[in-house]
Amino acid sequence: MEDRGVRRWGLLRFALLLVALIVTIGAGFWFLSTTVKSQFRGPDPITVAQASLQGLREQNRLSTFAARYVAVVTSKQSRLGLSAEKTLIMPGMVRYEVDLARLQQKSLSWDAANRRLTVLLPPLEVIGPDVDLDGIREYSEGGLLMRFTDVETQLDAANRKAGQQELIRQARGPMPVKLAKEATRRAIERSFAMPLKAAGLDARVGVFFPDERPSEDWDRSRRPEDVLANRY
């Protein structure tokens, strides 16, 4: 009886060791297959895109377009039956910028099925104008009234204010804003597309501003956090 119990215990130990060995081998094959699958799948586009996003945020502000405008404004004053007017020609530069620090993870959307990355930018900002003081020209009429009153000071103040407003009005016109957006769009597209391409990923990048709606092909994209668990 004792010998039979020893034999049973020995067989049980052998069976347990065999099961442990099978589990260990199975775990090894699972790990190997997962690693190989990951290597064949290639780099993760979400990780690459998020690294590009962080790099852009560290730049703080992006200015890819600037334009020079010229404002021509005239102010008039009448007193005591006399009149005076001054015309101001004011050139100035305006920059178009995007505050990249406002970019967030939710600014990116990845469409895994179509391999498309959508980037939503903050609004385009018009910065300036930087008035070219050396380029200012003035023309006046009614010197008598300006000589004996403070009319000239008032005309100058009115012209400076109107001139700056006119420069901003021109800068916000449809055509310069369109050109500025396109320049910014190309710069941001390169900032994401080049790292993706360097990582061996064939992906398209679309960049949009808040006042733009992506085309129907881009509407199916999802946020990165929505695909982290199932990226493909």
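The preceding data block contains the structure.
This report concerns the structure included in the present document. (Residues numbered from 1 in each chain as written. Predicted model: local features only at pLDDT ≥ 70, side-chain atom pairs only at ≥ 80, totals over all residues. Heavy atoms only, no water.)

Right, let's talk about a nonpolar patch on the surface for a bit. Taken together, the side chains of L82, L144 and F148 present a nonpolar region at the surface, about 330 Å² in accessible area. In this structure F148 comes out as exposed when scored by relative accessible area, which is 64%. (Patch = residues over 30% accessible without salt bridge, like charges linked within 9 Å, V, L, I, M, F, W, Y side chains within 5 Å. Areas by Shrake-Rupley, 256 points an atom, 1.4 Å probe, with all protein chains shown as cover. Salt bridge = Lys/Arg side-chain N within 4 Å of Asp/Glu carboxyl O. Buried < 20%, exposed > 50% of the residue type's maximum accessible area, 1.4 Å probe, protein only.)

Strand order in the open sheet made by the three strands is β3-β4-β7, with mixed pairing throughout. The open sheet has two edge strands with one neighbour each: β3 (108-111) and β7 (204-208). Strand after strand, the sheet turns through a mean of 20° between neighbouring axes, direction not considered. Pairing of β3 with strand β4 (residues 116-120) involves four bridges; the strand directions are antiparallel. By the bridge assignment, W110 is partnered in β4 with L117. The sheet strands contacting helix α2 (residues 45-58) are β3 and β4, and the helix crosses β3 at an angle near 160°. (Pairing = 2+ DSSP bridges. Helix = DSSP H or I, 4+ residues; strand = E, 2+ residues; numbered from the N terminus. Axes fitted to C-alpha atoms, helices over the stretch in contact; angles between N-to-C directions. Contact = heavy atoms within 4.5 Å.)

For the rest of this paragraph, the subject is the packing of α2 against helix α5 (residues 174-198). When two helices pack together, their arrangement is given by the angle between their axes and by how far apart the axes lie. Contact geometry of α2 with α5 gives a least axis separation of 9 Å together with a crossing angle of 140°. Taken as axis vectors, α2 and α5 run oblique relative to one another. Crossing angle aside, the handedness with which α2 passes α5 is right-handed. Mapping the contact onto sequence places P45, V48, A49, S52, L53 and L56 in α2 and I188, S191, F192, P195 and L196 in α5. Across the contact of α2 with α5, the residue classes tally to nine nonpolar, two polar and no charged. (Parallel < 35°, antiparallel > 145°, perpendicular 65-115°, else oblique. Left-handed = near helix turned anticlockwise from the far one by under 90°. Nonpolar A, V, L, I, M, F, W, Y, C, P; charged D, E, K, R; others polar.)

With that settled, consider the nonpolar core. Y96, L117, V119, I188 and F192 are the most contacted members of the largest nonpolar core, which totals 38 residues. When contributions to this core are tallied by element, the ones reaching two or more residues are α2, β1 (61-79), β2 (82-99), β3, β4, α4 (151-171), α5 and β7. If you look at the next biggest cluster of nonpolar residues, it comprises five residues, including A84, L145, V151 and L155. (Core = buried A, V, L, I, M, F, W, Y, C linked by side-chain atoms within 4.5 Å.)

The next subject is the packing of aromatic side chains. Applying the stated criterion to the full structure yields one aromatic pair. When the ring of F65 is compared with that of Y96, the centres are 5.5 Å apart and the planes differ by 50°; the resulting orientation is tilted. Residue F65 is found in strand β1, and its partner Y96 is found in strand β2; the two are separated by 31 residues along the sequence. In this structure Y96 comes out as buried when scored by relative accessible area, which is 0%. (Phe/Tyr/Trp six-rings, centres within 6.5 Å; stacked < 30°, edge-to-face > 60°.)

As for its position among the elements, K181 is in helix α5. For K181, a relative accessible area of 12% gives the class buried. With near-sequence residues (within four places) excluded, K181 lies in contact with L124, F209, D211 and E212.

Summed over all chains, the structure comprises 14 salt bridges. Two residues, R61 and E125, come together in a salt bridge whose shortest N-O distance is 2.6 Å. Remark: E125 occurs in strand β5 (residues 125-131) and R61 occurs in strand β1; sequence separation between them is 64 residues. The exposure class assigned to R61 is partly exposed, which follows from its relative accessible area of 36%. Assessed through its relative accessible area of 23%, E125 is described here as partly exposed. The partner of R185 in a salt bridge is E182, and the shortest N-O contact between them spans 3.2 Å. Here E182 and R185 lie together in helix α5, a separation of three residues that amounts to about one turn. Classification of R185 by relative accessible area gives buried; the value is 12%. For E182, a relative accessible area of 31% translates into the label partly exposed. One continuous salt-bridge network, built from bridges that share partners, spans R61, R95, E97, E125 and D130.

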